[in-house]
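Here's the letter readout for the chains.
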Amino acid sequence: MIFLSNIKLKGIIPALISPINQDGSIRYDSLRKLLCWELSHGVSGFYVCGSTGEGIIMTAESRKDMLETVMDEVGGKCTVTAHIGAANFNETIELAKHAESVGATAISSVPPIYFKYTEDEIYSYYKAISDACSLPLLMYGIALSGNNLTVYMVKKLMEIENVIGLKWTYPDYFSLQQIKTINNGDINVVNGPDETLCCGLMMGADAGIGSTYNLMPGLYVKLYNAMRASDIELARKLQYAINAVTAVLVKNSTLAAIKLQLTAMGFDVGECLNPRAPIAPEKQDELLKSLALVDYERQELL
Ligand code: MN9
């Protein structure tokens, strides 16, 4: 008998930033360079065009371009999950089919966005994606979407073919644990909040997907390995050091600060898409100084 597990995504998975220009063109060289660097620090996959990747505000064309470049650079070496959620439903389906055609590992989507939808409508949404594409489908619960997932809903949604689990981006670890008991644990649960990755792993998450992993892939891999080895002391030490950086990032419009720090590290990733303001030139040096709390190059604690 073949046992097909739902646990397709494990380990540390950067919610990849998109090195993109305001006209929608992708900075291919810096994207490829960044992917290689992340991979060299042991990440086990990439999550493409999610919240951190600004996917929701990119055109379908740019999103396809991003995914194709990621597949070309790292496809086969690690998992690649394409976030396909978009304001327009037909576009979501188009992106799902595209992800399948380029050989992505999985697709993922927030619930339908902006308007308030009923639980039945959210169920139909994921069912329609599953009917259109045979890739494993990871749901993505996050308050930003405007429509939240609950433990009760996840139980029902797991009945849909191809749905393997979810990225849980809420700081509610009792619910994460309750979700992990669905299907006797055969549900892919991914931690969303970077600030509490060790809590998520403690309560049963199989993986973490996060924005700050772009900057600290090696430190997160060490944290993940420490949790797996039950070295709580080391995991906590790493989480504390990482969180000192994260505290500065979140006070400075997270994504703009991540892109600034990556640029300072030699990855010419550009700025966030309009209308997100870049860090003002006169504030950049000071911000970079206050972010110098870990050794980014060697991915070590100071
Ligand atoms: O999805 C990310 N959440 C958002 C994950 O982008 C809203 C997290 O990685 C956070 O950016 C991170 C910092 O608050 O935890």
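Going by the structure above, here's the rest.
Summary of the structure given here.

What counts and how
- Residues numbered from 1 in each chain as written.
- Predicted model: local features only at pLDDT ≥ 70, side-chain atom pairs only at ≥ 80, totals over all residues.
- Heavy atoms only, no water.
- Helix = DSSP H or I, 4+ residues; strand = E, 2+ residues; numbered from the N terminus.
- Rg over C-alpha atoms; globule rule 2.2 N^0.38 Å.
- Buried < 20%, exposed > 50% of the residue type's maximum accessible area, 1.4 Å probe, protein only.
- Contact = heavy atoms within 4.5 Å.
- Areas by Shrake-Rupley, 256 points an atom, 1.4 Å probe, with all protein chains shown as cover.
- Lys, Arg positive; Asp, Glu negative; His and termini not counted.
- Charge placed at Lys NZ, Arg CZ, Asp CG, Glu CD.
- Near = heavy atom within 4 Å.
- Polar contact = N/O pair within 3.5 Å; in protein donor to acceptor, adjacent residues only side chain to side chain.
- Nonpolar A, V, L, I, M, F, W, Y, C, P; charged D, E, K, R; others polar.
- Axes fitted to C-alpha atoms, helices over the stretch in contact; angles between N-to-C directions.
- Left-handed = near helix turned anticlockwise from the far one by under 90°.
- Pairing = 2+ DSSP bridges.
- Right-handed = clockwise from strand over helix to strand, strands pointing away.

Okay, the overall build of the protein next. Helix and strand content of the protein: 11 helices and 10 strands. Expected size for 302 residues packed as a compact globule is a radius of gyration near 19 Å; at 18 Å, the protein falls within 12% of this value. Over its C-alpha atoms, taken along the principal directions, the protein stretches across nearly 50 × 45 × 35 Å. Looking at the 302 residues of the protein, the share that counts as buried comes to 56%. The contacts in the protein between residues at least 6 apart in sequence include a share of 72% that link residues at least 24 apart. Put simply, the protein shows about 13,200 Å² of open surface, and 54% of that area lies on carbon and sulfur atoms. Of note, the protein has its 25 positive side-chain charges centred 4 Å away from the centre of its 33 negative side-chain charges.

What follows deals with the site of the ligand. Not every one of the 13 residues close to the ligand is listed here, only the nearest: Tyr-140, Lys-167, Asp-194, Glu-195 and Ser-211. At a separation of 2.5 Å, an oxygen atom of the ligand approaches a polar side-chain atom of Lys-167. When isolated, the ligand has an accessible area of 380 Å², and the protein chains bury 81% of it. Grouping the amino acids of the shell around the ligand by side-chain chemistry returns five nonpolar, five polar and three charged.

Attention now goes to the packing of helix H3 (residues 89-101) against helix H4 (residues 119-132). Axis separation between H3 and H4 bottoms out at 9 Å; the angle between their running directions is 35°. Crossing of H3 against H4: the hand is right-handed. Across the interface between the two elements, Phe-89, Thr-92, Ile-93, Ala-96, Lys-97 and Glu-100 of H3 pack against Tyr-125, Ala-128, Ile-129 and Ala-132 of H4. The class makeup of the residues in the contact of H3 with H4 is seven nonpolar, one polar and two charged.

The next point concerns the pairing of strand E7 (residues 188-191). Here E7 shows a buried face lined by Asn-188 and Val-190 and a second buried face lined by Val-189 and Asn-191. Relative to E7, strand E6 (residues 163-168) runs parallel, the two sharing four bridges. Note on E7: the bridge partner recorded for Gly-165 is Asn-188. Traced from E6 through helix H6 (residues 173-180) to E7, the parallel crossover comes out right-handed. The sheet contact formed by E7 and strand E8 (residues 207-210) spans two bridges and is parallel. What sits directly across from Asn-191, in E8, is Gly-208. The β-α-β motif built from E7, the intervening helix H7 (residues 197-202) and the parallel element E8 has right-handed crossover chirality.

Within the secondary structure, Tyr-213 sits in the loop between E8 and helix H8 (217-228). Look at Tyr-213 and you get buried, because its relative accessible area is 0%. It is 7.2 Å that separates the C-alpha atoms of Tyr-213 and Ala-15, two residues lying 198 residues apart in sequence. Beyond its immediate stretch of four places on either side in the chain, Tyr-213 contacts Ile-12, Ile-13, Pro-14, Glu-38, Asp-194, Leu-197, Gly-208 and Tyr-220.

These figures come from the coordinates and say nothing about function on their own.
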